[in-house]
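# Residue-level structural notes
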Amino acid sequence: MEEQEKAGSNRADILGFIGLAFAVLGLADVALSYRLVCLTAALICLPMSFHRQSAWPGWVRWALSLGAISFLAYVGWMTMRER
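All of these numbers come straight from a predicted model, not from anything done at the bench. (Residues numbered from 1 in each chain as written. Predicted model: local features only at pLDDT ≥ 70, side-chain atom pairs only at ≥ 80, totals over all residues. Heavy atoms only, no water.)

## So, helix α3 (residues 58-81)
The end-to-end C-alpha distance of α3, which contains 24 residues, comes to 35 Å, matching closely the 34 Å that a straight helix rising 1.5 Å per residue would cover. Taken together, the buried positions of α3 are Arg-61, Ser-65, Ala-68, Leu-72, Val-75, Gly-76 and Thr-79. (Helix = DSSP H or I, 4+ residues; strand = E, 2+ residues; numbered from the N terminus. Expected span 1.5 Å × (residues − 1). Buried < 20%, exposed > 50% of the residue type's maximum accessible area, 1.4 Å probe, protein only.)

The following block contains the structure:
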């Protein structure tokens, strides 16, 4: 049972690192469409990673997910405005 939780946590960590990499690429100075695709991928990966962290309290997972969604939505909005 503990091995399944540890494997789930490892997958969540990997998903979080992938989402973080997409977020960093979305903040880079590249083509607009590429930035939006990266931000969208980060918007999907990061909340999923936070919700799969079963050792964390539920309110922490929700708060981090909402924070990530809010931040990435703001960055996407600012990216569209500077076009």
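After that view, the rundown keeps rolling.
## Notes on the environment of Gly-16
Along the chain, Gly-16 falls in helix α1 (residues 2-27). A C-alpha to C-alpha distance of 7.5 Å links Gly-16 and Phe-50, two positions 34 residues apart in sequence. Residues within four places of Gly-16 in sequence aside, it is in contact with Leu-46 and Ser-49. (Contact = heavy atoms within 4.5 Å.)

## Considerations on the packing of aromatic side chains
Counted according to the given criterion, the structure contains one aromatic pair. Taking the centre distance of 6.3 Å and the plane angle of 35° together, the rings of Phe-50 and Trp-56 count as tilted. On the accessibility criterion, Phe-50 (17% relative accessible area) is buried. (Phe/Tyr/Trp six-rings, centres within 6.5 Å; stacked < 30°, edge-to-face > 60°.)

Geometric values such as these leave the question of function open.
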